[in-house]
Each structure stands twice: as C-alpha cells, then as structure tokens.
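# Per-entry structural report
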Amino acid sequence: MTTQSTDAAATAPKGPPPGGGDFLPEKTKGRKINLGLDRFSGLYVWVAIIVLFAIWIPDLFLTEGNFRIIAGDQAITAMLAIGLIVPLAAGVFDLSIAGVMGFSVAMVSYQLSQGIAAPIAILTTLLCGALIGAVNGFVVVKLNVDSFIATLGMSSILLAGTYFVTDGKQITEGFTDGFLDMGSKPFLGLPLPFFYMIAVAAVMYVVLEKTPLGRYLYATGGNRQAARLAGLRVERIMFGALVTSATVAALTGVILAAKLGTAAPDIGPSYLLPAFSAVFLGSTQIRAGRVNVLGTLIAIYLLATGVKGLQLAGAPSYVNDLFNGLALIIAVALAARTARRV
C-alpha cells in the first residue's frame, strides 16, 4: 500500500506551487526580451526622429512634398553608397568613387554639348567608369599599392580630369528633353532616380546575400589569407569589386547629370563623406558587423530625415556636414564595438 502511494505521488502531474507563485518552465525563467536593438536600432531612431519633428514642426515636416523631396534627393547618395558596399565587402577602400561620379557628370554632359546622341554618351561614360575601376584594380592588385592610397590618388586625378573636361566652367547646353526626363520625370509621385536606386539596391542585395559571389566577397573581406587558402581567387575578386564600384558611380553620375541638367567641375567630392557615413552606419544594422544593402538604405534615410528636419526647423546650412561627420564617427565606433563582441 505504501509503495503504490509513493508511485502515484511520483507520477502525478505537478500543479502550481502553493501561494499562487509563477508556474513557468525552467527555460523561460530569466529570459530577456529582445526588441532587436542590436540589429534594428536605426529603425527605432528613424521613427523617433520622425515623431520628434512631427510634433515640433508639423506644418513643415508632415507634408507630402517634404517626404517626396527626402526620397528623391537621397537617391544619388544612396546609389553611390550601394556601389561603395562592394569593395568594402571585399576588404578594399574606394575613395575615388565620388570622383568617378563627378567625372562621369562632366563626361556625359560634354558629349551631349557636342551633339553626341544620348545613348552613345551614356554608354561611353559607363565604359569610362569601368576603365577607371580597372586601373584602380590594377594598381591595388598588381602593383600592391594599398587601396586607400591608390584610390585617394585616383580621386585627385579625376578631379583634375573633371576640370579639364569642363574647362573649369559649368556645362549647361546640349541636354535633350529625353535625357533630362531620366532625372526629373515623376513616376507614382516620385522622381525616377528614386526607382533607379531601388533597382540598383535590389540587384546588389540579391548578389551579395543570395549568390556565391556575395559569399566570396565577404569571405575575402573577412580574412583574405583564409579565403586564398580555401581556393578563392582573392585578387580577381578585389579587382572585380573595384570595377563594379566605379561602374555604379559612373551610372550615378549619368543620372545626376540628367537630374541637374548641368555639370559643375566640383560636383563630386561633396558626396564622398555622406556615402561613407551611410555605409558604415548601415554596417551596424540588419547584419551587424558587416556592410549590407538594407542597413545602408536605413542609414541614408535616417540621416536625411534628421538633416531635413533640422533645416526646416531653422538650423544653419552647415548642419548637413556636421550631421554626417558625427554619424561617421559614431558608426565606426559602433561597428568596432560590435566586432569586439562578436
């Protein structure tokens, strides 16, 4: 009788403890709620910025025109930043990317001013961009020059080339209506450059996240020697990454020329810092610790929303450079912290 009672007590289901205490599985006790702050903090900050300015200056900020301006104006910077992701994923810098864009604006504008058909001018400009990337790749891969130094030198050469092509003056003639429509014609209420940016981002996302080539790029950038020992042709990957970034920069320059309808000799350099800020800040989002397309887009529009809100609130004109500079420092610090934790 005693044995049966003991067995029954052992097999009986256990109810909640006396006193109405918590009846939780052991594995759930002490579990911390994860709101995704390690991967989606940028989205939280972006929402907070929107709410802040919606309360502060609702009549100026919460308008269709303002959001259309933010979406359209940042398309150029976003495309340039997306092109920058490729060499950074492979572990090389491309400081010439803004110079390539500025030179491409001058090249396509000069050809149009000389009466060359728009399709030929565009194709020639894209080929020039690819050639510049190939030169960068040759200097980095074959001559073993550090990518930082090589592309910094190329950016200076391109700035000189831009002044040579434009003769130090603005080019304002020769732009056809069809060419200008590429940069200013609206579609679904937004300018076409926004949709070009979405297309470039989609292609780059698929390549980097869904194909072996993307894995090869990240492997090369993560540990070049290990990637080489694993059989990857790291020199070819680095070369191709620099060609790709320069070609995307050339395409961005063509679209910028169509958007502005003019070519100024100093138009490129001002885009370099915003592009780097966005890419490094984006590396703390979505896939923390590595550059990625979605994180970069979040960073682009987070920064743009903050800058635009401050401008509408009456902030001085230098707030753009100040905001981007601070963002770059903070982004690099956050990325370094993430790398140490991983």
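None of these values were measured; they are calculated from a predicted model.

### Brief notes about the packing of helix α5 (residues 75–89) against helix α10 (residues 192–210)
- Orientation of α5 relative to α10, taken along the N-to-C sense of each, is 15 degrees, at an axis distance of 9 Å. Relative to α10, the element α5 lies roughly parallel. Like other packed secondary-structure pairs, α5 and α10 cross with a definite hand, here left-handed. Facing α5, whose interface residues are Ala75, Ala78, Met79, Ile82, Ile85 and Val86, α10 presents Pro193, Phe194, Tyr196, Met197, Val200, Ala201, Met204 and Leu208.
- For the contact of α5 with α10, a count of residues per class yields 14 nonpolar, no polar and no charged.

### Focus: unusual backbone geometry
- Positioned with a positive phi, Asn144 is a non-glycine residue whose angle comes to about 60 degrees.
- Examined against the element boundaries, Asn144 turns out to sit in the loop between α7 (118–142) and α8 (147–166).

### Topic: the packing of aromatic side chains
- Tallied over the full model, the rule gives 10 aromatic pairs.
- Taking 5.7 Å as the distance between ring centres and 10 degrees as the angle between the ring planes, the aromatic pair formed by Phe53 and Trp56 counts as stacked. Of this pair, Phe53 and Trp56 are both found in helix α2 (residues 37–56), 3 residues apart, which corresponds to roughly one turn of the helix.
- When its relative accessible area of 3% is taken as the criterion, Phe53 is described as buried.
- Here Phe194 and Phe195 contribute two aromatic rings whose centre-to-centre distance is 5.5 Å and whose plane-to-plane angle is 85 degrees, an arrangement assigned as edge-to-face.
- Residue Phe194 is classed as buried on the basis of its relative accessible area, which comes to 17%.
- A relative accessible area of 25% places Phe195 in the partly exposed class.
- An aromatic cluster of at least three residues, connected via ring pairs, comprises Phe53, Trp56, Phe61 and Phe67.
- Here the guanidinium or amino end of Arg290 rests over the ring plane of Tyr218, the centre of that ring lying 4.0 Å away.

### With respect to the layout of surface pockets
- In this structure, the largest pocket spans a volume of roughly 470 Å³.
- Contributing elements (two or more residues each) for the lining of the largest pocket: α4 (64–73), α14 (272–282), α15 (293–312) and α16 (319–341).
- Looking at the lining of the largest pocket, the element that brings in the most residues is α15, giving 6 residues.
- Residues belonging to the lining of the largest pocket are distributed by class as follows: 9 nonpolar, 6 polar and 3 charged.

### Things to note about α8
- For α8, built from 20 residues, the straight-helix expectation of 28 Å at 1.5 Å per residue is met to within 8% by its first-to-last C-alpha distance of 28 Å.
- Residues of α8 that are buried include every one of Ser147, Ala150, Thr151, Met154, Ser155, Leu158, Gly161, Thr162, Val165 and Thr166, and no others. Seen from one end, α8 has its buried residues packed into an arc of 135 degrees, which puts them on one side. Among the exposed residues of α8, those pointing more than 90 degrees away from its buried face are Ile149, Ile157 and Phe164.

### Observations concerning the packing of helix α11 (residues 212–222) against helix α13 (residues 234–260)
- Put simply, α11 and α13 touch, their axes get as near as 10 Å, and they point 105 degrees apart. Accordingly, the angle class assigned to the pair α11 and α13 is roughly perpendicular. Here α11 contributes Tyr216, Leu217 and Thr220 to the contact with α13, which in turn contributes Val234, Ile237, Met238 and Ala241.
- By residue class, the composition of the contact of α11 with α13 is 6 nonpolar, 1 polar and no charged.

### Focus on the confidence of the model for the protein
- Considering every residue of the protein, the mean pLDDT works out to 85; 85% of them sit at 70 or more.
- Here helix α1 (residues 2–11) is the element of the protein with the lowest mean pLDDT, 47, and α7 is the one with the highest, 96.
- Of the regions scoring below 50 in pLDDT, residues 1–24 engages in 5 contacts with residues more than four places distant in sequence or in other chains.

### Overview of helix α6 (residues 97–113)
- Between the first and last C-alpha of α6 there are 24 Å, a value that for 17 residues agrees with the 24 Å anticipated at 1.5 Å per step.
- The buried fraction of α6 amounts to 15 of the 17 residues, a majority that puts the element mostly inside the structure.
- Positive phi appears at Gly115, one or two residues downstream of α6, with a value of about 85 degrees.

### A short note on the environment of Glu209
- Looking at the secondary structure, you find Glu209 in helix α10.
- Placed 83 residues apart in sequence, Glu209 and Asn292 show a C-alpha to C-alpha distance of 8.6 Å.
- Excluding residues within four positions of it along the chain, Glu209 makes contact with Tyr218, Arg287, Arg290 and Asn292.
- Separated by 2.9 Å, the side chains of Glu209 and Arg290 make a polar contact.

Definitions and cut-offs
- Residues numbered from 1 in each chain as written.
- Predicted model: local features only at pLDDT ≥ 70, side-chain atom pairs only at ≥ 80, totals over all residues.
- Heavy atoms only, no water.
- Axes fitted to C-alpha atoms, helices over the stretch in contact; angles between N-to-C directions.
- Helix = DSSP H or I, 4+ residues; strand = E, 2+ residues; numbered from the N terminus.
- Parallel < 35°, antiparallel > 145°, perpendicular 65-115°, else oblique.
- Left-handed = near helix turned anticlockwise from the far one by under 90°.
- Contact = heavy atoms within 4.5 Å.
- Nonpolar A, V, L, I, M, F, W, Y, C, P; charged D, E, K, R; others polar.
- Phe/Tyr/Trp six-rings, centres within 6.5 Å; stacked < 30°, edge-to-face > 60°.
- Buried < 20%, exposed > 50% of the residue type's maximum accessible area, 1.4 Å probe, protein only.
- Lys NZ or Arg CZ within 6 Å of the ring centre and 35° of its normal.
- 1 Å grid on protein atoms, 1.4 Å probe; cavity = no way out; pocket = protein on both sides within 12 Å on 5 of 7 lines; lining within 4 Å.
- Points joined across faces, edges and corners; volume = space filled by probe spheres on them.
- Expected span 1.5 Å × (residues − 1).
- Arc of directions from axis to C-beta.
- pLDDT = per-residue confidence, 0-100.
- Polar contact = N/O pair within 3.5 Å; in protein donor to acceptor, adjacent residues only side chain to side chain.

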